[in-house]
Amino acid sequence: MSDEEMLSHYIELVHRHGGKLRACWSNCWCILEDEDHGELHENASVPFYLLENPSPNRHNGWPLDSISWLPEVGKYLVDCTEEDMEYRNRKGGYTDTFHLWILEAADHLISGTLPRFE
């Protein structure tokens with residue numbers, strides 16, 4: 001799907017469910033050394049809303065940012081500043097552990113100490 005096709009699809013989905021849906025991103029990353037060794041990292045975002053009336057602004061490659069409403073800052077994700085996001089994450093109790101994980105996993109990869117998958 002193109003960005004606009006994806007945006008249209010999700011706007012229609014939100015519309016069918018009353019114009020507003022509560023949502024949360026579930027993220028997962030993996031660093032692999034080989035088929036037997038690697039590390040996984042999972043986390044979930046602070047909840048937000050998908051709205052049927054989009055912001056006119058767009059992030060190329062991230063079309064849903066235009067319909068993702070962050071109630072803590074009263075803005076669409078596409079319109080948020082870095083300060084808005086820091087405030088939202090603090091208020092929502094979100095801790096971004098990805099940066100620490102990626103440094104640790106990269107160190108394990110370089111030193112050949114990635115754990116074996118079970």
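So, here's what we can say about the structure. In this text the structure is predicted, and so the values were computed from the model without any measurement.

Each value, and the rule that gives it
- Residues numbered from 1 in each chain as written.
- Predicted model: local features only at pLDDT ≥ 70, side-chain atom pairs only at ≥ 80, totals over all residues.
- Heavy atoms only, no water.
- Helix = DSSP H or I, 4+ residues; strand = E, 2+ residues; numbered from the N terminus.
- Rg over C-alpha atoms; globule rule 2.2 N^0.38 Å.
- Buried < 20%, exposed > 50% of the residue type's maximum accessible area, 1.4 Å probe, protein only.
- Contact = heavy atoms within 4.5 Å.
- Phe/Tyr/Trp six-rings, centres within 6.5 Å; stacked < 30°, edge-to-face > 60°.
- Lys NZ or Arg CZ within 6 Å of the ring centre and 35° of its normal.
- Lys, Arg positive; Asp, Glu negative; His and termini not counted.
- Salt bridge = Lys/Arg side-chain N within 4 Å of Asp/Glu carboxyl O.
- Polar contact = N/O pair within 3.5 Å; in protein donor to acceptor, adjacent residues only side chain to side chain.

### Digging into the overall build of the protein
Scanning the protein for helices and strands turns up 3 helices and 6 strands. Tracing the protein from N to C terminus, the helices and strands come up as α-β-β-β-β-β-β-α-α. Its C-alpha atoms give the protein a radius of gyration of 18 Å, clearly above 13 Å, the size a compact globule of 118 residues would have. With respect to the principal axes defined by its C-alpha atoms, the protein has extents near 50 × 30 × 25 Å. Residues classed as buried in the protein amount to 27% of the 118 residues present. Of the contacts formed within the protein by residues at least 6 apart in sequence, a portion of 52% connects residues at least 24 apart.

### What about the packing of aromatic side chains?
Per the stated rule, a full pass over the model turns up 2 aromatic pairs. Their ring planes at 80° and their centres at 5.2 Å tell us that W69 and Y76 sit as a pair that is edge-to-face. A cation sits over an aromatic face here: K20 above Y49, 4.2 Å from the ring centre.

### A closer look at the side chain of D65
For D65, the location among the structural elements is in the loop between β4 (48–51) and β5 (68–70). R88 provides the closest opposite charge to the buried, unpaired D65, separated from it by 9.8 Å. Looking at D65, its side chain comes within polar contact range of the side chain of H59, at 2.7 Å. Those residues within four positions of D65 in sequence are excluded, and the remaining contacts are H59, Y76, L77 and V78.

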